[in-house]
Amino acid sequence: CKSQPEYIHTRLLQNGVEVMALNILDLKKAVTKKLKEAFPECNIYTRRVEQGMKTPAFHVDLVPYDAPSIGVHGRSIHYFVNCTFFPTVEGDLDQNLQAWETWKDAFVGTLELPSGEIVTIHEQKCVMFESLYRFSFNIEETYYEAPKFTGEYVQNVFTNYIEGSE
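Note that residues are indexed from 1 along each chain, following the sequence as it is written. At least 70 in pLDDT is required for a residue's local features to be given in this predicted model, at least 80 for side-chain atom pairs to be given and counted, and no such filter applies to totals for whole chains, interfaces and linings, which use all residues. With hydrogens and water set aside, each side-chain value is computed from the structure's full complement of heavy atoms.

A. Layout of the overall build of the protein chain. Put simply, DSSP marks the helices as runs of H or I at least four residues long and the strands as runs of E at least two long, and each gets a number from the N terminus on. Scanning the protein chain for helices and strands turns up three helices and eight strands. The secondary structure elements of the protein chain, listed N-terminal to C-terminal, are β-α-β-β-β-α-β-β-β-β-α. For every residue, the accessible area obtained with a 1.4 Å probe (protein chains only) is divided by the maximum for its type, and the residue is called buried under 20%, exposed over 50%, and partly exposed between those limits. Here the protein chain, with 166 residues, has 28% of them falling under the buried criterion. Restricting to contacts in the protein chain with at least 6 residues of sequence separation, those with at least 24 account for 58%. When the accessible area of the protein chain is evaluated, it comes to approximately 11,100 Å², of which 53% is carbon and sulfur surface. Contact criterion: two residues are considered in contact whenever any of their non-hydrogen atoms come within 4.5 Å of each other. Surface exposure here means Shrake-Rupley accessible area, sampled with a 1.4 Å probe, where a residue is shielded only by the protein chains that are shown.

B. Representation of helix α1 (residues 24-38) in the model. In this scheme, a helix's expected span is set at 1.5 Å multiplied by one less than its residue total. When the terminal C-alpha atoms of α1 are compared, their 21 Å separation across 15 residues agrees well with the 21 Å that a helix rising 1.5 Å per residue should span. For α1, the full list of buried residues reads Leu-27, Ala-30, Val-31, Thr-32 and Leu-35.

C. Structural context of the pattern of salt bridges. Should a side-chain nitrogen of Lys or Arg be within 4 Å of a carboxyl oxygen of Asp or Glu, the pair is scored as a salt bridge. This model, assessed by the stated rule, comprises four salt bridges. Glu-101 serves as the salt-bridge partner of Lys-104, at 3.4 Å between the closest nitrogen and oxygen. Of this pair, Lys-104 and Glu-101 both sit in helix α2 (residues 93-106), three residues apart, which is roughly one turn of the helix. In this structure, Asp-105 and Lys-104 form a salt bridge, with 3.8 Å as the shortest nitrogen-oxygen distance. Members of the salt-bridge network, linked through shared partners, are Glu-101, Lys-104 and Asp-105.

D. Spatial organisation of the packing of aromatic side chains. Between 30 and 60 degrees the pair is tilted, below 30 it is stacked and above 60 it is edge-to-face, where a pair is any two Phe, Tyr or Trp rings, Trp via its six-membered ring, whose centres lie within 6.5 Å. Applying the stated criterion to the full structure yields nine aromatic pairs. These aromatic residues form a ring-pair network of at least three members: Phe-39, Phe-58, Phe-85, Trp-100, Trp-103, Phe-107, Tyr-133, Phe-135 and Phe-137.

E. Region of interest: unusual backbone geometry. Along the chain, Thr-55 connects to Pro-56 via a cis peptide bond; the corresponding omega equals 0°. Secondary-structure assignment places Pro-56 in the loop between β2 (43-45) and β3 (57-66). Even without being a glycine, Glu-123 presents a positive backbone phi close to 50°. Checked against the element boundaries, Glu-123 lands in strand β7 (residues 122-129).

F. Local environment of the nonpolar core. Grouped together as the largest cluster of nonpolar side chains are 27 residues, with contacts concentrated most on Leu-27, Val-31, Leu-35, Phe-107, Leu-111 and Phe-137. In terms of residue count, strand β4 (residues 74-86) provides more of this core than any other element does, five residues in total. Think of a nonpolar core as a cluster: buried Ala, Val, Leu, Ile, Met, Phe, Trp, Tyr and Cys residues, connected wherever their side-chain atoms sit within 4.5 Å.

G. Up close: the environment of Asn-43. Inspection of the secondary structure puts Asn-43 in strand β2. Taking the C-alpha atoms as reference points, Asn-43 and Phe-85, separated by 42 residues in sequence, lie 10.0 Å from one another. The contacts of Asn-43, once residues within four sequence positions are left out, are Lys-54, Thr-55, Pro-56, Ala-57 and Phe-58. For the purposes of these results, a polar contact is taken to be a pair of N or O atoms within 3.5 Å, where, inside protein, one atom must be able to donate a hydrogen and its partner to accept one; residues adjacent in sequence count only when each atom of the pair is a side-chain atom. At 2.9 Å, the side chain of Asn-43 forms a polar contact with the backbone oxygen of Lys-54.

H. Structural view of the environment of Tyr-45. Secondary-structure assignment places Tyr-45 in strand β2. For Tyr-45, a relative accessible area of 18% translates into the label buried. Sequence-wise, Tyr-45 and Asp-61 are 16 residues apart; in three dimensions their C-alpha atoms are separated by 9.2 Å. Those residues in contact with Tyr-45 that lie beyond four places of it in its chain are Gly-52, Met-53, Lys-54, Ala-57, Phe-58, His-59 and Val-60. Within the structure, the side chain of Tyr-45 is placed 3.0 Å from the backbone nitrogen of Lys-54, a separation counted as a polar contact.

Following this line, the structure appears as structure tokens:
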């Protein structure tokens, strides 16, 4: 009876450095920190507020969702980041538009996590819903789970790869 192979979890990063899996709580901290820097006059809420919200304010939601598999061992997870802006006066078009101008400059390109890791922002959007502006973007994490090989087999594969032989 064969035993199940042991797997290693490797994230693909642009600089080739392997790190631990993306932590959604770290992502939320990074988003709220960036919001506070870009909008120091706004209150930032990460939990549902039934009553007593002080405006101007942002409410931050993060939703992880799976994307299709990549090859045999690859997987991609997307994180949808949604920030709803509540202006001082409901429906204030000028304040909403100014918030968009600030948002699109603050959340462009990359976002630094508390660990110092940099993640890429994808699909930055702004939609209006019931007189509120919702700003959003995606973060994508791609990783592979591959069987962990040890010993002489790995050395032979590595040596053959380096030397360019088959």
